[in-house]
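# Coordinate analysis (summary)
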Amino acid sequence: MNVTVVDNYDSFTYNLVEYVSDLRIGGESPDISVLKNAATLEAVRDTDPDALLISPGPGHPRNDRDVGVTMPVLRELSPEVPTLGVCLGLEAAVYEYGGAVGHAPEPIHGKAFPVDHDGEGVFAGLEQGFRAGRYHSLIATEVPDCFAVTATTDHAVSGSHAEGRRTESGESEELVMGVRHREHPIEAVQFHPESVLTAVGHDVIENFLRGV
């Protein structure tokens, strides 16, 4: 299996690569290609990917300098090649297909929140409410109709003393933590499966690749 990773210049990218390389699909380790997002679409296509991973990264998907080839990949290759986006990868997928990305209620860097999910795709067999590491200041604020929301977390708006719990006044905001395209083989998660804060991270990556 050829797995191509589009690196959006993020320090977590090689954690993702390591998680992929640890897996045995059909008794063999995947062959992994890593291309910076400054690569051309043809360069990505030339890796002959069976699966694509879109890495996290800084910036906003509306800025070409932040995402580079990520957007053409999502539009031109992902309708045929199974794709998993992580963090910026989710934001890019939502934005490229007509949704909106805005500021999260507050920046989160390295905190674990409980995630509720639909139990399908990359979430197959995972417990409800598993804790996942969040590292982001942006969030999908409008998800286009072509995507189903597959996972969410409750984020306390203010006055909370524990992540993922309601405030004393009961106020919380439901944030998108996962999406799945209704026709194309594209899934994405806002949290970081490759973080040590996500206990089921290896399972998320394995579910994706076994689905390929």
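That block above? That's the structure.
Here goes a summary of the coordinates provided. (Residues numbered from 1 in each chain as written. Predicted model: local features only at pLDDT ≥ 70, side-chain atom pairs only at ≥ 80, totals over all residues. Heavy atoms only, no water.)

## What to know about the nonpolar core
If you look at the biggest cluster of nonpolar residues, it comprises 31 residues, and the most contacted ones within it are Phe 123, Phe 130, Phe 191, Ile 205 and Leu 209. Breaking this core down by element, the ones donating at least two residues are strand 1 (2-7), helix 1 (13-21), strand 3 (51-54), strand 4 (83-86), strand 5 (100-117), strand 6 (130-142), strand 8 (172-181) and helix 6 (201-211). (Core = buried A, V, L, I, M, F, W, Y, C linked by side-chain atoms within 4.5 Å. Buried < 20%, exposed > 50% of the residue type's maximum accessible area, 1.4 Å probe, protein only. Helix = DSSP H or I, 4+ residues; strand = E, 2+ residues; numbered from the N terminus.)

## Some points on the state of the cysteines
Under the definition given, this model contains zero disulfides. Lacking any disulfide linkage, Cys 146 is separated from the closest cysteine sulfur, that of Cys 87, by 20 Å. Accessibility expressed as a relative area gives 23% for Cys 146, which makes it partly exposed. (Disulfide = S-S within 2.5 Å.)

## Side note on the pattern of salt bridges
By the definition in use, this model includes seven salt bridges. Between Arg 180 and Asp 118 there is a salt bridge, with the nearest N and O atoms lying 2.8 Å from each other. Of this pair, Arg 180 sits in strand 8 while Asp 118 sits in the loop between strand 5 and strand 6; the two residues are 62 residues apart in sequence, bridging distant segments of the chain. Judged by its relative accessible area of 16%, Arg 180 falls in the buried class. Overall, Asp 118 belongs to the partly exposed group, its relative accessible area being 31%. Its salt-bridge partner being Arg 180, residue Glu 120 comes within 3.9 Å of it at the nearest N-O pair. Highlighted residues: Glu 120 in the loop between strand 5 and strand 6 and Arg 180 in strand 8, separated in sequence by 60 residues. (Salt bridge = Lys/Arg side-chain N within 4 Å of Asp/Glu carboxyl O.)

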